[in-house]
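# Architecture at a glance
One-letter residues, chain by chain:
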Amino acid sequence: QDAPAVPLYTEPQQTGKARATVEEVYTQIESDLQESINLLGNTMTRVHKSHINQSVAQGIMARVKLNKEEWGEAVTYAQDAREGYSLMEPSSYATTPNEKNGFNNIANQEWMWGFQINSEQSTIFASWFSHMDPTFTTYAFLGLQKEIYLPLYNKIDNPQSDVRAANFDMDTTISGVGNAQLKFLASDQGSFLGDYIMMRAGEMYLIEAEAQAEQGNDTEAQDVLHELVSKRDNNYTKPTETGQALLDEIYLQRRISLWGEGFRLLDLKRRKQALDRTGGNHIPALAREMQLPAESDLFIFQIPEEEIDVNNNIGPEDQNP
């Protein structure tokens, strides 16, 4: 909590500030979020799902509480955030690109927050789907395919019944590349169109499950995890594990469910875990870092050089290691 974070500004000013502590930054984040939750209210009707409403603010707060290990509050905010949203149907994971709308269509019932992209905003080769979709002439198709870590895929218990397995082209029949991701496919290949997902209800179930388990509420954690995963795999059996074994099952389902959505780095950091890409399909010449110890300095972003140059209260000696 006492480690240096970023300069903390609450109003415009021309003089740069020194780095605030991590605790000070989190205090401001929570204050801003709580004020947002109160001001937005649960009666405000948002014009479009790209706008933040109260449920989205609660979802962000649930993420903050998870990082702070304030488990009871993480449960409360996650439950409140997902109220009124339903989990997507298995058909949203369809392997046919033009039928798959779970991760490219803001109208999907599970999406809490996202950005709708039109043809003037798609940015073509610079788009998210150009970097992710290997099924037509994109950067991903031209050799930059994104692949799942094979040992992780092999931990999917029932690939034949678990619709999440359809997120990956293990036999190369669709993309021509083994292990390639099929989770993020453009809805219109001609214009590289597809909406960008920012938050969905499934994440809130996983936050709740982890926070319940951390409090020793094993039954509650088992129930909410089963509610989520059984919607993806109707052969999934409700966990009977408790303690650390239950947490490990929740961590696994979190990795499978949220693959590619931007949580793995934060999860490694907050749980103080090491990175290990060995024993799979990563190519060392491309992956660069095959193993990193827990709490590695490489998990922390550097301060931009421009900030050091223009801020008299931050010097080269303040750079992260």
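What this report covers is the structure whose coordinates are included nearby. All figures in this text were calculated on a predicted structure; none of them were measured in a lab.

So, about the overall build of the protein chain. The secondary structure content of the protein chain amounts to 11 helices and 8 strands. The C-alpha radius of gyration computed for the protein chain amounts to 21 Å, which stays within 12% of the reference 20 Å derived for 321 residues, consistent with globular compactness. Overall, the C-alpha framework of the protein chain stretches about 55 × 45 × 45 Å when taken along its three principal axes. Counting all 321 residues of the protein chain, 45% fall into the buried class. Taking the intrachain contacts of the protein chain between residues at least 6 apart in sequence as the baseline, contacts between residues at least 24 apart amount to 60%. Carbon and sulfur atoms make up 50% of the accessible area of the protein chain, which totals about 16600 Å².

Over its 15 residues, helix α2 (residues 54-68) extends 21 Å from the first C-alpha to the last, a length consistent with the 21 Å expected when each residue adds 1.5 Å. Across the 15 residues that make up α2, a large majority, 11, are buried. Among the residues of α2, those classed as buried are Q54, S55, V56, A57, Q58, G59, M61, A62, V64, K65 and L66. Looking one or two residues beyond α2, the residue adopting positive phi is E69, at roughly 60 degrees.

A few words on the side chain of D133. Mapping D133 onto the fold places it in the loop between α4 (128-132) and α5 (150-153). Side-chain polar atoms of D133 contact the side chain of T135, separated by 2.6 Å. A distance of 2.8 Å separates the side chain of D133 from the backbone nitrogen of A186, its partner in a polar contact. In this view, D133 contacts T138, A140, F141, Q181, F184, L185 and A186; residues no more than four positions away in its chain are not counted.

A word on the packing of aromatic side chains. In total, this model carries 10 aromatic pairs according to the counting rule given. Centre to centre, the rings of Y93 and F103 are 5.6 Å apart; their planes meet at 75 degrees, and the pair counts as edge-to-face. Taken together, the residues span a long stretch of sequence, with Y93 in the loop between α3 (71-82) and β3 (111-115) and F103 in the loop between α3 and β3 at a distance of 10 residues. Here Y93 matches F103 in class, with each residue buried. Note on F125 and F192: the rings are 5.2 Å apart at their centroids and 55 degrees apart in plane angle, and the pair reads as tilted. Residue F125 is located in the loop between β3 and α4, and its partner F192 is located in the loop between β5 (180-181) and β6 (196-200); the two are separated by 67 residues in the primary sequence. Owing to a relative accessible area of 34%, F125 belongs among the partly exposed residues under this scheme. Over the aromatic face of F103 sits the side chain of K183, whose NZ or CZ is 4.7 Å from the ring centroid. Over the face of the ring belonging to F263 we find R254, whose NZ or CZ atom lies 5.4 Å from the ring centre.

Conventions used here
Residues numbered from 1 in each chain as written. Predicted model: local features only at pLDDT ≥ 70, side-chain atom pairs only at ≥ 80, totals over all residues. Heavy atoms only, no water. Helix = DSSP H or I, 4+ residues; strand = E, 2+ residues; numbered from the N terminus. Rg over C-alpha atoms; globule rule 2.2 N^0.38 Å. Buried < 20%, exposed > 50% of the residue type's maximum accessible area, 1.4 Å probe, protein only. Contact = heavy atoms within 4.5 Å. Areas by Shrake-Rupley, 256 points an atom, 1.4 Å probe, with all protein chains shown as cover. Expected span 1.5 Å × (residues − 1). Polar contact = N/O pair within 3.5 Å; in protein donor to acceptor, adjacent residues only side chain to side chain. Phe/Tyr/Trp six-rings, centres within 6.5 Å; stacked < 30°, edge-to-face > 60°. Lys NZ or Arg CZ within 6 Å of the ring centre and 35° of its normal.

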